[in-house]
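Here's the letter readout for the chains.
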Amino acid sequence: KPDTTVLNDNKILMINSGDTNSSCGYKSSNFTLSADSHYVITFKAYTENTQTTANSTGHTAFATAFLSGDASDAVASNVLNISTASGKSSNWQNYSIFVETDQINNKTLNLELWLGEKDGNGSNGAVFFDDVKVTCYDNDTYSTIKAGRDANRSMVVNFNTNYVNNFISNPSFENGLNY
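Residues numbered from 1 in each chain as written. Predicted model: local features only at pLDDT ≥ 70, side-chain atom pairs only at ≥ 80, totals over all residues. Heavy atoms only, no water.

Visitor: Is there a simple way to think about the overall build of the protein chain in this case?
Guide: When helices and strands are tallied, the protein chain shows one helix and 12 strands. Across the protein chain, helices and strands are ordered from the amino to the carboxyl terminus as β-β-β-β-β-β-β-β-β-β-β-α-β. Put simply, 81% of the contacts in the protein chain that link residues at least 6 apart link residues at least 24 apart. (Helix = DSSP H or I, 4+ residues; strand = E, 2+ residues; numbered from the N terminus. Contact = heavy atoms within 4.5 Å.)

Dropping the structure here:
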(Lines give C-alpha, C1' and ligand atoms only; values in the text may rest on other atoms or scores of the structure.)
Protein backbone atom coordinates (compact mmCIF):
# COMPACT_ATOMS: atom_id res chain seq x y z
CA LYS A 1 0.00 0.00 0.00
CA PRO A 2 1.44 3.42 -0.94
CA ASP A 3 2.38 5.86 1.80
CA THR A 4 -0.18 8.65 1.36
CA THR A 5 1.46 10.99 3.87
CA VAL A 6 3.65 12.34 1.06
CA LEU A 7 0.64 13.50 -0.97
CA ASN A 8 -1.01 16.92 -1.07
CA ASP A 9 -4.57 15.57 -0.70
CA ASN A 10 -6.42 12.29 -0.32
CA LYS A 11 -7.44 11.86 -3.97
CA ILE A 12 -5.44 9.59 -6.27
CA LEU A 13 -6.02 7.66 -9.49
CA MET A 14 -5.61 3.91 -9.06
CA ILE A 15 -5.57 1.50 -12.00
CA ASN A 16 -5.69 -2.11 -10.80
CA SER A 17 -5.82 -5.47 -12.55
CA GLY A 18 -5.17 -7.63 -9.49
CA ASP A 19 -3.44 -10.83 -10.57
CA THR A 20 -4.69 -10.57 -14.16
CA ASN A 21 -2.17 -9.53 -16.81
CA SER A 22 -3.99 -6.59 -18.36
CA SER A 23 -3.63 -3.24 -20.10
CA CYS A 24 -6.00 -0.57 -18.87
CA GLY A 25 -5.70 3.17 -18.77
CA TYR A 26 -7.11 6.61 -18.21
CA LYS A 27 -7.31 9.41 -20.79
CA SER A 28 -7.60 12.98 -19.49
CA SER A 29 -9.92 15.56 -20.91
CA ASN A 30 -8.49 17.85 -23.59
CA PHE A 31 -6.08 20.60 -22.61
CA THR A 32 -4.50 23.17 -24.91
CA LEU A 33 -0.86 24.26 -24.89
CA SER A 34 -0.15 27.64 -26.51
CA ALA A 35 2.08 28.00 -29.55
CA ASP A 36 5.72 28.99 -29.08
CA SER A 37 5.78 27.87 -25.45
CA HIS A 38 7.54 25.49 -23.08
CA TYR A 39 5.68 23.25 -20.62
CA VAL A 40 6.46 20.61 -18.04
CA ILE A 41 3.77 18.09 -17.17
CA THR A 42 4.57 16.53 -13.80
CA PHE A 43 2.95 13.79 -11.75
CA LYS A 44 3.73 11.32 -9.00
CA ALA A 45 3.44 7.56 -9.54
CA TYR A 46 3.62 4.47 -7.38
CA THR A 47 3.70 0.92 -8.75
CA GLU A 48 2.63 -1.92 -6.52
CA ASN A 49 5.35 -4.35 -5.54
CA THR A 50 4.09 -7.64 -4.07
CA GLN A 51 7.49 -9.32 -3.85
CA THR A 52 8.20 -9.99 -0.19
CA THR A 53 11.48 -11.88 -0.61
CA ALA A 54 14.10 -12.19 -3.30
CA ASN A 55 12.69 -15.61 -4.28
CA SER A 56 9.04 -14.53 -4.13
CA THR A 57 6.71 -15.23 -7.02
CA GLY A 58 5.07 -11.83 -6.50
CA HIS A 59 4.97 -9.22 -9.20
CA THR A 60 5.87 -5.61 -9.72
CA ALA A 61 3.41 -3.56 -11.75
CA PHE A 62 4.66 -1.33 -14.52
CA ALA A 63 2.90 1.59 -16.16
CA THR A 64 3.25 4.02 -19.04
CA ALA A 65 2.35 7.63 -19.73
CA PHE A 66 2.13 9.50 -23.01
CA LEU A 67 0.39 12.37 -24.80
CA SER A 68 -2.34 11.86 -27.40
CA GLY A 69 -4.62 14.19 -29.36
CA ASP A 70 -2.80 16.55 -31.73
CA ALA A 71 0.32 14.80 -30.47
CA SER A 72 -0.38 11.37 -31.90
CA ASP A 73 1.78 11.73 -35.02
CA ALA A 74 4.69 13.41 -33.22
CA VAL A 75 4.90 11.22 -30.14
CA ALA A 76 4.02 7.72 -31.33
CA SER A 77 7.33 6.44 -30.01
CA ASN A 78 7.46 8.77 -26.98
CA VAL A 79 6.22 6.64 -24.11
CA LEU A 80 7.37 7.25 -20.56
CA ASN A 81 7.92 3.93 -18.76
CA ILE A 82 7.03 3.91 -15.08
CA SER A 83 8.21 1.51 -12.40
CA THR A 84 8.82 2.69 -8.86
CA ALA A 85 10.01 -0.63 -7.46
CA SER A 86 13.43 -0.83 -5.92
CA GLY A 87 14.31 -4.27 -4.63
CA LYS A 88 11.47 -5.46 -2.42
CA SER A 89 9.77 -2.10 -1.94
CA SER A 90 8.16 0.73 -3.91
CA ASN A 91 8.09 4.46 -3.30
CA TRP A 92 6.30 7.43 -4.83
CA GLN A 93 8.42 8.86 -7.65
CA ASN A 94 8.16 12.11 -9.62
CA TYR A 95 7.82 11.91 -13.41
CA SER A 96 7.95 14.68 -16.02
CA ILE A 97 7.03 15.20 -19.66
CA PHE A 98 8.76 18.22 -21.20
CA VAL A 99 6.81 19.75 -24.08
CA GLU A 100 8.03 22.30 -26.62
CA THR A 101 5.26 23.63 -28.87
CA ASP A 102 5.87 24.97 -32.36
CA GLN A 103 5.96 28.67 -33.25
CA ILE A 104 2.56 28.83 -34.94
CA ASN A 105 0.12 26.16 -33.76
CA ASN A 106 -1.49 25.54 -30.39
CA LYS A 107 -1.64 21.85 -29.39
CA THR A 108 -4.76 20.21 -28.00
CA LEU A 109 -3.62 17.16 -26.08
CA ASN A 110 -4.63 14.46 -23.63
CA LEU A 111 -2.48 12.82 -20.98
CA GLU A 112 -2.89 9.04 -20.98
CA LEU A 113 -1.85 7.02 -17.93
CA TRP A 114 -1.80 3.21 -18.27
CA LEU A 115 -1.21 0.10 -16.25
CA GLY A 116 0.96 -1.80 -18.73
CA GLU A 117 1.07 -0.47 -22.29
CA LYS A 118 -1.85 0.77 -24.36
CA ASP A 119 -0.93 -1.27 -27.43
CA GLY A 120 1.34 -3.90 -26.01
CA ASN A 121 2.38 -5.69 -22.87
CA GLY A 122 -0.03 -5.91 -19.96
CA SER A 123 0.86 -5.81 -16.30
CA ASN A 124 -0.40 -7.37 -13.09
CA GLY A 125 -1.04 -5.35 -9.98
CA ALA A 126 -1.80 -1.70 -9.47
CA VAL A 127 -0.41 1.70 -10.27
CA PHE A 128 -1.30 4.93 -8.47
CA PHE A 129 -1.02 8.47 -9.89
CA ASP A 130 -1.29 11.81 -8.11
CA ASP A 131 -0.50 15.54 -8.28
CA VAL A 132 -0.74 15.98 -12.06
CA LYS A 133 0.30 19.51 -13.02
CA VAL A 134 0.95 21.39 -16.26
CA THR A 135 3.29 24.36 -15.86
CA CYS A 136 4.38 26.87 -18.52
CA TYR A 137 7.94 28.25 -18.28
CA ASP A 138 9.93 30.92 -20.07
CA ASN A 139 12.65 29.56 -22.36
CA ASP A 140 15.56 30.09 -19.94
CA THR A 141 13.83 28.49 -16.94
CA TYR A 142 12.58 25.60 -19.08
CA SER A 143 16.09 24.98 -20.47
CA THR A 144 17.57 24.94 -16.95
CA ILE A 145 14.94 22.51 -15.64
CA LYS A 146 15.29 20.28 -18.71
CA ALA A 147 19.09 20.19 -18.38
CA GLY A 148 18.78 18.86 -14.83
CA ARG A 149 16.10 16.27 -15.55
CA ASP A 150 16.31 12.60 -14.65
CA ALA A 151 16.32 10.85 -18.03
CA ASN A 152 14.92 7.66 -16.45
CA ARG A 153 11.85 9.47 -15.16
CA SER A 154 11.16 11.96 -17.93
CA MET A 155 10.83 12.44 -21.64
CA VAL A 156 10.93 15.37 -24.06
CA VAL A 157 8.24 15.91 -26.70
CA ASN A 158 9.24 18.51 -29.27
CA PHE A 159 6.57 19.85 -31.62
CA ASN A 160 8.85 22.66 -32.73
CA THR A 161 8.89 22.73 -36.52
CA ASN A 162 11.46 24.79 -38.35
CA TYR A 163 9.37 27.04 -40.56
CA VAL A 164 10.97 28.87 -43.48
CA ASN A 165 11.22 32.51 -42.52
CA ASN A 166 13.66 33.80 -45.12
CA PHE A 167 11.60 33.07 -48.23
CA ILE A 168 11.54 35.25 -51.37
CA SER A 169 8.18 36.83 -52.05
CA ASN A 170 7.03 37.73 -55.56
CA PRO A 171 3.24 38.17 -55.49
CA SER A 172 3.21 39.58 -59.03
CA PHE A 173 4.74 37.19 -61.54
CA GLU A 174 4.75 39.95 -64.20
CA ASN A 175 7.69 41.55 -62.44
CA GLY A 176 11.08 39.92 -62.09
CA LEU A 177 12.58 39.09 -58.73
CA ASN A 178 14.53 41.86 -57.09
CA TYR A 179 17.16 40.83 -54.57
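Now that the structure is up, let's keep going.
Visitor: How should I be thinking about the sheet that holds strand β9 (residues 93-100) in this particular structure?
Guide: Strand pairing within a sheet occurs via backbone hydrogen bonds; the two strands may be parallel or antiparallel. Strand order across the open sheet formed by five strands is β1-β11-β4-β9-β12, with mixed pairing between neighbours. At either margin of the open sheet sits one strand with a lone partner, and together these are β1 (13-22) and β12 (154-158). Between one strand and the next, the sheet's axes are offset by a mean angle of 25 degrees, whatever the strand orientation. Summarising the sheet, strand β4 (residues 38-47) and β9 pair through eight bridges and their orientation is antiparallel. Across the sheet, residue T42 finds its bridge partner in β9, namely S96. (Pairing = 2+ DSSP bridges. Axes fitted to C-alpha atoms, helices over the stretch in contact; angles between N-to-C directions.)

Visitor: Got a minute to help me understand the layout of surface pockets in this structure?
Guide: Think of a ball as big as a water molecule: rolled over the atoms, this probe shows where empty space is left. Approximately 160 Å³ is the volume attributed to the second largest pocket. Considering the residues around the second largest pocket, the lining is formed by L13, Y26, S28, S29, F31, I41, L111, L113, V132 and V134. At the level of elements, β10 (107-115) and β11 (123-137) are the ones that each hand at least two residues to the lining of the second largest pocket. (1 Å grid on protein atoms, 1.4 Å probe; cavity = no way out; pocket = protein on both sides within 12 Å on 5 of 7 lines; lining within 4 Å. Points joined across faces, edges and corners; volume = space filled by probe spheres on them.)

Visitor: Would you take a moment to explain the pattern of salt bridges for this structure?
Guide: For side chains bearing opposite charge, pairing can occur when the charged atoms are close. This model, assessed by the stated rule, comprises four salt bridges. We note a salt bridge from K146 to E100, for which the minimum N-O separation is 2.8 Å. You can see K146 sitting in helix α1 (residues 139-147) and its partner E100 sitting in strand β9, a full 46 residues away along the chain. Given a relative accessible area of 10%, E100 falls into the buried group. Here D150 ties to R153 by a salt bridge, and the two come within 3.2 Å at their closest N and O atoms. Taking relative accessible area as the criterion, D150 reaches 35% and is therefore assigned partly exposed. (Salt bridge = Lys/Arg side-chain N within 4 Å of Asp/Glu carboxyl O. Buried < 20%, exposed > 50% of the residue type's maximum accessible area, 1.4 Å probe, protein only.)

Visitor: Would you mind going over the nonpolar core with me for this structure?
Guide: A general feature of soluble globular proteins is that nonpolar side chains tend to end up buried together. Judged by nonpolar contacts, the single largest core of 25 residues is most densely connected at F43, L67, I82, I97, V99 and F129. At the level of elements, β3 (31-33), β4, β5 (63-69), β6 (80-82), β9, β10, β11 and β12 are the ones that each hand at least two residues to this core. Once residues within four sequence positions are removed from consideration, I82 is found in contact with F43, A45, T47, F62, A63, T64, A65, Y95 and F129. (Core = buried A, V, L, I, M, F, W, Y, C linked by side-chain atoms within 4.5 Å.)

Visitor: Just to check I follow, could you spell out the environment of L115 for this structure?
Guide: Note that L115 resides in strand β10. Taking C-alpha positions, L115 is 7.4 Å from N16, a pair spaced 99 residues apart along the chain.

Visitor: Explanation requested: the environment of S143 in the structure shown.
Guide: By secondary structure assignment, the location of S143 is in helix α1. Residue classification places S143 among the partly exposed positions, given a relative accessible area of 36%. In sequence terms S143 and F98 are 45 residues apart; their C-alpha atoms lie 10.0 Å from each other.

Visitor: Is there a simple way to explain the packing of aromatic side chains in this structure?
Guide: Any aromatic ring pair is given by two values, namely how distant the centres are and how the planes are angled relative to each other. Taken as a whole and assessed by the stated rule, the structure comprises five aromatic pairs. Measuring from ring centre to ring centre gives 5.8 Å for F43 and Y95, while their planes differ by 15 degrees; the resulting arrangement is stacked. Remark: Y95 occurs in strand β9 and F43 occurs in strand β4; sequence separation between them is 52 residues. Comparing F43 with Y95 shows no difference in burial state: the two are buried. Ring geometry for Y46 versus W92: centroids 5.7 Å apart, planes at 45 degrees, classification tilted. (Phe/Tyr/Trp six-rings, centres within 6.5 Å; stacked < 30°, edge-to-face > 60°.)

Visitor: Which parts of the structure should I look at to understand the pairing of β5?
Guide: If a strand is regular, its side chains alternate between the two faces of the sheet. Burial runs high along β5: six of the seven residues are buried. Sheet analysis places β5 next to β6, joined by three bridges and oriented antiparallel. From the neighbouring strand, A63 faces β6, where its bridge partner is I82. Of the pairings in the sheet, the one linking β5 to β10 comprises seven bridges and is antiparallel in character.

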